[in-house]
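Per-entry structural report
In case you want the letters, here they are:
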Amino acid sequence: MKYLYGPVISRRLGLSLGVDLIPLKTCSFNCVYCQLSSASDCVTRRKNYVPPEEVIDEFNRFNEENAVYEWITFSGSGEPTLNASLGYIIREIKKTASKKICVITNSSLIDLRDVRNDLLGADLVMPSLDAVSPEMFKKINRPFEGADVGKIIDGLIEFRKDFPGQIWLEIMLVKGINDSDEEISGFSEVIKKIKPDKVHLNTVVRPPAEKNVLPIDRYTLIKIAERLGEKADVIGNLPEVPQFEKGRLSAENLLGLLESHPATLREIMNSFGATRLAAEKAIEQLIKLRKVGEKRFENKVYYVLKP
Ligand code: SF4
């Protein structure tokens, strides 16, 4: 598959079929915690990064053969709203899809009306907001020149007015960067204005591209969630899934998963409902082919795509 990956198990959605409309690390931000790569030029131009009809055809072919997933999620190698055909692709996929559609976005372009209109076709939008002050925004997201976090917040407030679906706001908290009392109070005020259905607190659980980017412990995250109100919750660990479907752990699917994020052996087993032996074997083959390498983070071994 060229544009679809998975289905993979996601911490927030359960089984999800990924749709990737963007070449690897095509993004309007260069976050310090990014799992894809560090240093890259920020991109802000909306255009057809991939041919829309090819994505729709691939989905229609996949949909006929596989039905074991709960969500269709636009996410992956960068910022999906950079694709100018996002709205069209969502509408076309909806014509044949029996599952709900989610878009994960870094919110960078949400101040643009055409981006908000494109997102209206989704059932669920998961926008990120990692900072409320301009200084913190620059520090953690390292956005494109001229990016304005105030405009992003206004865009999220506008989007809430028009969007009838669910909005689950994600805040990625990094130790010693955006976890100060002041920033958390700022989030609290902004959440009241955006009115999301849920607020998910996340932290650095997979190896980031930059060194010295550290996670916040679970107890502190829970305390921060309490401060942010009843809609706020800490994203949990990956749920276990049964071996409902054999044979999904192919080299191609595994590379697709690792393209979206580094993964531990346990995550690979969970994502594909595979045994430890099968997951180890698949990884070993890709390591031999020099397509995959290992990276240690917080005492865990992650498998990552080799550049
Ligand atoms: S973490 Fe997401 S939003 Fe941030 S640079 Fe990486 S791909 Fe872009």
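Predicted model only: the values in this text are computed from it and were never measured. (Residues numbered from 1 in each chain as written. Predicted model: local features only at pLDDT ≥ 70, side-chain atom pairs only at ≥ 80, totals over all residues. Heavy atoms only, no water.)

1. Quick notes on the overall build of the protein
Secondary structure summary: the protein contains 10 helices and 10 strands in total. Taking 19 Å as the expected radius of gyration for a compact globule of 307 residues, we find that the protein reaches 19 Å, a close match to that expectation. Across the 307 residues of the protein, 56% fall into the buried class. Contacts in the protein between residues far apart in sequence, at least 24 positions, make up 73% of those at least 6 positions apart. Accessible area for the protein stands at about 14,400 Å²; split by element, carbon and sulfur atoms hold 49% of it. Positive and negative side-chain charges of the protein, numbering 44 and 43 respectively, have mean locations separated by a distance of 3 Å. (Helix = DSSP H or I, 4+ residues; strand = E, 2+ residues; numbered from the N terminus. Rg over C-alpha atoms; globule rule 2.2 N^0.38 Å. Buried < 20%, exposed > 50% of the residue type's maximum accessible area, 1.4 Å probe, protein only. Contact = heavy atoms within 4.5 Å. Areas by Shrake-Rupley, 256 points an atom, 1.4 Å probe, with all protein chains shown as cover. Lys, Arg positive; Asp, Glu negative; His and termini not counted. Charge placed at Lys NZ, Arg CZ, Asp CG, Glu CD.)

2. Remarks on unusual backbone geometry
In this structure, the amide linkage connecting glycine 6 to the following residue, proline 7, adopts the cis form with an omega of 5 degrees. Inspection of the secondary structure assignment puts proline 7 in strand 1 (residues 4–10). With a phi angle near 40 degrees, arginine 142 is a residue other than glycine that sits in the positive phi range. Mapping arginine 142 onto the fold places it in the loop between helix 4 (134–141) and helix 5 (149–162). Using a relative accessible area of 27% as the deciding quantity, one classes arginine 142 as partly exposed. Non-glycine residue lysine 195 carries a positive phi angle of around 55 degrees. Tracing the backbone through its elements, the reader meets lysine 195 in the loop between helix 6 (181–194) and strand 7 (198–203).

3. Re the sheet that holds strand 5 (residues 124–127)
Taken in spatial order, the 8 strands of this open sheet run 1-2-3-4-5-6-7-8, and their pairing is mixed. Edge positions in the open sheet fall to strand 1 and strand 8 (232–234), since each of these has one partner strand only. Pairwise comparison of adjacent strand axes, ignoring direction, gives a mean angle of 25 degrees for this sheet. One ladder, built from 2 bridges, connects strand 5 with strand 6 (residues 166–173); its direction is parallel. Within the sheet, the bridge partner assigned to leucine 124 lies in strand 6 and is glutamine 166. (Pairing = 2+ DSSP bridges. Axes fitted to C-alpha atoms, helices over the stretch in contact; angles between N-to-C directions.)

4. Some remarks on the pairing of strand 3 (residues 71–74)
Residues Trp71 and Thr73 of strand 3 are buried on one face, and the alternating residues Ile72 and Phe74, pointing to the opposite face, are buried as well. Pairing analysis gives 4 bridges linking strand 3 to strand 4 (residues 100–105), with the strands arranged parallel. Of the residues in strand 4, the one forming a bridge with tryptophan 71 is lysine 100. For the handedness criterion, the β-α-β arrangement of strand 3, helix 2 (residues 86–96) and strand 4 is classed as right-handed. (Right-handed = clockwise from strand over helix to strand, strands pointing away.)

5. Side note on helix 8 (residues 251–260)
Within the sequence span of helix 8, burial applies to Asn253, Leu254, Gly256, Leu257, Leu258 and Ser260. Buried residues belonging to helix 8 abut strand 1, helix 9 (265–272), helix 10 (276–288), strand 9 (292–297) and strand 10 (300–305).

6. Comments concerning the environment of arginine 276
Assignment of secondary structure puts arginine 276 in helix 10. Separated by 11 residues in sequence, arginine 276 and leucine 265 have C-alpha atoms that sit 7.6 Å apart.

7. So, the packing of aromatic side chains
Scanning the model with the defined rule gives 3 aromatic pairs in all. Pairing phenylalanine 29 with phenylalanine 137 gives two aromatic rings, centres 5.6 Å apart and planes at 80 degrees, and the pair type is edge-to-face. Of this pair, phenylalanine 29 sits in the loop between strand 2 (14–19) and helix 1 (52–65) while phenylalanine 137 sits in helix 4, and the two are 108 residues apart along the sequence. For the ring pair phenylalanine 159 and phenylalanine 163, a centre distance of 4.7 Å and an interplane angle of 15 degrees mean the geometry is stacked. (Phe/Tyr/Trp six-rings, centres within 6.5 Å; stacked < 30°, edge-to-face > 60°.)

8. Considerations on the nonpolar core
Of all hydrophobic cores here, the largest spans 77 residues; its most connected members are Phe74 and Leu129. Setting aside residues up to four positions removed in sequence, leucine 129 forms contacts with Val149, Ile152, Ile153, Leu156, Leu169, Glu170, Ile171, Phe187, Val190 and Ile194. (Core = buried A, V, L, I, M, F, W, Y, C linked by side-chain atoms within 4.5 Å.)

9. Brief notes about the pattern of salt bridges
Under the criterion given, the structure shown has 13 salt bridges. For the salt bridge of arginine 46 with aspartate 118, the shortest nitrogen-to-oxygen distance reads 2.7 Å. Remark: aspartate 118 occurs in helix 3 (residues 113–119) and arginine 46 occurs in the loop between strand 2 and helix 1; sequence separation between them is 72 residues. One salt bridge in this structure joins glutamate 267 and arginine 206, with 3.4 Å as the shortest N-O distance. Of this pair, glutamate 267 sits in helix 9 while arginine 206 sits in the loop between strand 7 and helix 7 (218–227), and the two are 61 residues apart along the sequence. Glutamate 267 gets classed as buried once you look at its relative accessible area, which sits at 12%. The exposure class assigned to arginine 206 is buried, which follows from its relative accessible area of 9%. Counted as one network, the salt bridges with shared partners bring together Arg46, Asp114 and Asp118. (Salt bridge = Lys/Arg side-chain N within 4 Å of Asp/Glu carboxyl O.)

All we've got here are geometric facts, nothing functional implied.
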